[in-house]
Amino acid sequence: MARLATIIGIVLLSCTGLSLGQPEQKIELTIDPAGEIKQGAVVTVTCTAPGLSVLEFIRVARNIDGVSYTIADSATLEPAFSRTGRYFVDYDNAQKLLTLTITDMQGEDGGDISCVRMNSGIEATQSVDVKVPPKSVSLVRIENDGTKTPINDGQHIQFYDEVQAGLSCEVEISGSEEVPLVTIKIGENDVTDRFTMLDSLEKREENGLQYIDNLISYTLLQDSPDIAHNSKNVVCEATMPGYEPVQASATVQVYYGPKFECDVTQYAKLGALEAQIKCVAKMHPAMDSNADAIWSFGKKGNKTELLTGDSFDGFTAGMVEGEGDAVEFFLSIDEVTEEDFRKYRLEVANSIGTERHTIAQEEGNKPDPSGSAFLHASFVVSILSLFLALL
């Protein structure tokens, strides 16, 4: 019975191609460098098959979506990879060693790489992760009808007050599905969270090379631009780990008519040797000339009009340029009389539009809101103290 078992064992070993003295059939795969690989690197794939017989050979392949594409059989490189000019294979039969070298590594070279013992089908597989930098970053102006206008780096992006338009930052990635870190700033303010992200991912396979193109858009649509952004730089920056940031920048230009920032009631003391009515107006672009700012006052049929720089009957009209788009207009009054306590109208124009603002000058001092609050609080405290004293 023992003899029969021995005979069966010998037959089984013969059928499987093994003998008691044969080494275990296996294949080993190493990839250098290990881990994440940067674009442009040189990568070496080594397949070692101990005990490989002269009738066996090694195959190295790439697996894409469950399909295996041969890169090389022993010393023969497949034409599709040979044509890239970046794939090279060396086969050492004595050492049972296949070495595949890929120079100038690109995103399409990533994926699962396998070494295979062809007769037995035994294989080893590792994943190659190629890190690529953003291919490009660009700024685009979007019209209200959806038309897109690319903005060259450093150019001006023009927006008009009360006209719907948008701004988009487009980041292009070639060779990876990984999304970079994107930040968008206008001036010193990070406005990234105001933008909506949309990505368009396309994949295609060509003879064992997988090409990935991803266009990521960050878009902000506005019914009217923020005039505070005028003359500020907008910077869109995309960063991938291990690479320098890639960015695009431009200068925002917001065109808008005059917008007044001044009190509708101002105060002067009767008999004061000088008083000034002041009003700040912001606009872009600036006025074409001093004739675009006019102060007017007086009764109908006897109105006085003064352009910036004019003086008449104790009144002088002037202006002082402020920070950014701001201009302070003033009307000086020499020796304030009862007649000077009335309404004054300021009209300012630029190429975008004309706006008017009416200011009433009244006798007295400007009320101090903080002082009123203090008196009210003191009164409440006094009443409370009196109430406690009566208890």
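What you are looking at is a predicted structure, and each value in this text was computed from that prediction instead of being measured.

Asks: So what exactly am I meant to see when it comes to the sheet that holds strand β30 (residues 354–363) here?
Replies: In a beta sheet, neighbouring strands pair by backbone hydrogen bonds and run either parallel or antiparallel. Taken in spatial order, the five strands line up as β22-β30-β29-β24-β25 in an open sheet, and their pairing is mixed. This sheet does not close on itself; its edge strands, each paired only once, are β22 (265–268) and β25 (304–307). Direction aside, the axes of adjacent strands within the sheet are offset by 25° on average. As paired elements, strand β29 (residues 343–349) and β30 share seven bridges and run antiparallel to each other. Residue pairing across strands places Y344 opposite I359, the latter belonging to β30.

Asks: Please clarify how the nonpolar core should be interpreted in this entry.
Replies: It is characteristic of soluble globular proteins that their nonpolar side chains tend to be buried jointly. Counting 57 residues, the largest nonpolar core has V60, L100, L139, V171, I184 and V234 as its most contacted members. When neighbours within four sequence positions are excluded, V171 is seen to be in contact with P134, S136, V137, P180, V182, N214, L215, I216, Y218 and A238. Grouped together as the second largest cluster of nonpolar side chains are 25 residues, A275, C279, Y344 and L346 included.

Asks: Before we go on, may I ask you to explain the sheet that holds strand β15 (residues 165–174) in this structure?
Replies: Ordered by their spatial adjacency, five strands build an open sheet running β13-β12-β15-β19-β18, and the pairing between neighbours is antiparallel. Edge positions in the sheet fall to β13 (148–151) and β18 (196–206), since each has one partner strand and no second. Neighbour-to-neighbour, the strand axes of the sheet open up by a mean angle of 25°, direction not taken into account. Relative to strand β19 (residues 209–222), β18 runs antiparallel, the two sharing eleven bridges. Across the sheet, R204 pairs through a bridge with Y211, a residue of β19.

Asks: Is there a simple way to explain the packing of aromatic side chains in this structure?
Replies: Tallying each qualifying case throughout the model produces four aromatic pairs. An angle of 55° between the planes, with centres 5.0 Å apart, marks the rings of F81 and Y87 as tilted. Y87 matches F81 in its accessibility class, with the two residues each being buried. Ring plane angle 50° and centroid distance 5.1 Å describe the contact between F297 and Y344, whose orientation is recorded as tilted. Remark: Y344 occurs in strand β29 and F297 occurs in strand β24 (residues 293–297); sequence separation between them is 47 residues. Here the basic side chain of K38 rests over the ring of Y243, its NZ or CZ set 4.6 Å away from the ring centre.

Asks: Could you clarify how one ought to interpret the environment of P180 in this entry?
Replies: Among the secondary structure elements, P180 is positioned in the loop between β15 and β16 (181–186). Distance in space between the C-alpha atoms of P180 and P241 is 8.2 Å, their sequence separation being 61 residues. Once you skip the residues sitting within four places of it in the chain, P180 turns out to touch P134, V171, I173, I216, Y218, A238, T239 and M240.

Asks: Would you mind going over the confidence of the model for the protein with me for this structure?
Replies: Close inspection of predicted coordinates is inappropriate for parts of the model with low pLDDT. Overall, the predicted model of the protein reaches an average pLDDT of 88, with 88% of residues at or above 70. With pLDDT under 50 throughout, residues 1–21 is counted as low confidence; its partners more than four residues away or in other chains account for four contacts.

Asks: How do you make sense of empty space enclosed by the protein when you look at a structure like this?
Replies: Any empty space left between atoms is shown by rolling a water-sized probe over those atoms. All chains considered together, the criterion is met by one cavity of 30 Å³ or more. One number sums up the size of the largest cavity: a volume of about 100 Å³. Elements that contribute at least two residues to the lining of the largest cavity include exactly β19 and β21 (246–261). Tallied by class, the residues present in the lining of the largest cavity amount to seven nonpolar, two polar and one charged.

Asks: Is there a simple way to think about the pattern of salt bridges in this case?
Replies: Close approach of charged atoms allows side chains of opposite charge to pair. Per the stated rule, a full pass over the model turns up 19 salt bridges. The salt bridge involving E170 is made with K148; its shortest N-O contact spans 3.2 Å. In this pair, E170 sits in strand β15 while K148 sits in strand β13, placing the two residues 22 residues apart along the sequence. With a relative accessible area of 49%, K148 lands in the partly exposed category. A salt bridge links E206 to R204, with the nearest nitrogen and oxygen atoms 3.1 Å apart. For R204, a relative accessible area of 40% puts it in the partly exposed group.

Asks: What's the story with the state of the cysteines in this structure? I'm lost.
Replies: In protein chemistry, a disulfide is the covalent bond that joins the sulfur atoms of two cysteines. What the rule picks out here adds up to three disulfides. Residue pairing for C169: its cysteine sulfur links by disulfide to C236, the two sulfurs lying 1.8 Å apart. Judged by the sign of its S-S torsion, about -75°, the cystine formed by C169 and C236 is left-handed. Of this pair, C169 sits in strand β15 while C236 sits in strand β20 (residues 233–239), and the two are 67 residues apart along the sequence. On the basis of relative accessibility, which here comes to 1%, the residue C169 falls in the buried class. Here C262 is linked by a disulfide to C279, with a sulfur-sulfur distance of 2.1 Å. Across the S-S bond of C262 and C279 the torsion is about -45°, and the bridge reads as left-handed.

Rules of the game
- Residues numbered from 1 in each chain as written.
- Predicted model: local features only at pLDDT ≥ 70, side-chain atom pairs only at ≥ 80, totals over all residues.
- Heavy atoms only, no water.
- Pairing = 2+ DSSP bridges.
- Helix = DSSP H or I, 4+ residues; strand = E, 2+ residues; numbered from the N terminus.
- Axes fitted to C-alpha atoms, helices over the stretch in contact; angles between N-to-C directions.
- Core = buried A, V, L, I, M, F, W, Y, C linked by side-chain atoms within 4.5 Å.
- Buried < 20%, exposed > 50% of the residue type's maximum accessible area, 1.4 Å probe, protein only.
- Contact = heavy atoms within 4.5 Å.
- Phe/Tyr/Trp six-rings, centres within 6.5 Å; stacked < 30°, edge-to-face > 60°.
- Lys NZ or Arg CZ within 6 Å of the ring centre and 35° of its normal.
- pLDDT = per-residue confidence, 0-100.
- 1 Å grid on protein atoms, 1.4 Å probe; cavity = no way out; pocket = protein on both sides within 12 Å on 5 of 7 lines; lining within 4 Å.
- Points joined across faces, edges and corners; volume = space filled by probe spheres on them.
- Nonpolar A, V, L, I, M, F, W, Y, C, P; charged D, E, K, R; others polar.
- Salt bridge = Lys/Arg side-chain N within 4 Å of Asp/Glu carboxyl O.
- Disulfide = S-S within 2.5 Å.

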